[in-house]
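# Structural description and commentary
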Amino acid sequence: MNRRRLSIEQWRDAVLFVSGELDWEGGRSLELDDPANRRRTVYARVSRLKLNDLLMQFDYPDANVHAEKRSATTTATQKLFMLNSPFMLNQARALATRLAEPAAETEASRVRKAYRLLYGREADERETRLALEFLGKPPAPEMTRWEQYAQLLLASNEMLYLD
């Protein structure tokens, strides 16, 4: 199978799922920009007058025009969203909290747990070593090292593409 990028709906749902925040409940449509919206993206409100910025940024088709298929662009603003958006920062915190349970685990076992959860594979020796080096550095004032590491894992290409 050729590598393909997840649609915005698939990617957002996957991020919510691995962070333990996905709300499976259906119901009325909600705004994607609402921080309390943790429902599947299929329940998002789509306006024909003004398409949501997140959807537009990740190649969601124009709701007013028929489209045979979606375009797939890679832009700097997509990665900037993953680094700076409140949505991603909240999901990184939630993922770091999820990986911290149970507290008796070692740092290396938590890294391996993250790789299994996010990528469905084991972390290799090099990935584990790099993670432990990063996690061993002094904490940053705005986010813990585990929150930063969780954000990095969520923003990776391996999370956005299927091989």
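Up top you'll find the structure we're talking about.
Criteria and thresholds
- Residues numbered from 1 in each chain as written.
- Predicted model: local features only at pLDDT ≥ 70, side-chain atom pairs only at ≥ 80, totals over all residues.
- Heavy atoms only, no water.
- Helix = DSSP H or I, 4+ residues; strand = E, 2+ residues; numbered from the N terminus.
- Rg over C-alpha atoms; globule rule 2.2 N^0.38 Å.
- Buried < 20%, exposed > 50% of the residue type's maximum accessible area, 1.4 Å probe, protein only.
- Contact = heavy atoms within 4.5 Å.
- Areas by Shrake-Rupley, 256 points an atom, 1.4 Å probe, with all protein chains shown as cover.
- Lys, Arg positive; Asp, Glu negative; His and termini not counted.
- Charge placed at Lys NZ, Arg CZ, Asp CG, Glu CD.
- 1 Å grid on protein atoms, 1.4 Å probe; cavity = no way out; pocket = protein on both sides within 12 Å on 5 of 7 lines; lining within 4 Å.
- Points joined across faces, edges and corners; volume = space filled by probe spheres on them.
- Nonpolar A, V, L, I, M, F, W, Y, C, P; charged D, E, K, R; others polar.

### Topic: the overall build of the protein
- Counting its secondary structure elements, the protein contains eight helices and two strands.
- The C-alpha atoms of the protein give a radius of gyration of 17 Å, which matches the 15 Å a tight globule of 163 residues would have.
- Buried positions account for 41% of the 163 residues belonging to the protein.
- Relative to all contacts within the protein whose residues are 6 or more apart in sequence, the contacts with residues 24 or more apart total 53%.
- Carbon and sulfur atoms make up 54% of the accessible area of the protein, which totals about 9,900 Å².
- Distance between charge centroids for the protein: 1 Å, based on 25 positive and 24 negative side chains.

### Quick word on the layout of surface pockets
- Its volume calculated, the largest pocket comes out at about 290 Å³.
- Lining the largest pocket are 19 residues; nearest its centre among them are Leu-32, Asp-33, Pro-35, Pro-86 and Phe-87.
- When contributions to the lining of the largest pocket are tallied by element, the ones reaching two or more residues are α2 (53–57) and α4 (86–99).
- Counting residues per element, the lining of the largest pocket draws most heavily on α4, at five residues.
- Residues belonging to the lining of the largest pocket are distributed by class as follows: seven nonpolar, six polar and six charged.
- Lining the second largest pocket we find 13 residues, and of these Tyr-115, Leu-130, Tyr-149, Leu-152 and Leu-153 sit closest to its centre.
- Elements represented by at least two residues in the lining of the second largest pocket include exactly α5 (107–119), α6 (125–135) and α7 (145–155).
- Across the lining of the second largest pocket, the residue classes tally to eight nonpolar, two polar and three charged.

Read these as layout, nothing more, since geometry by itself doesn't imply function.
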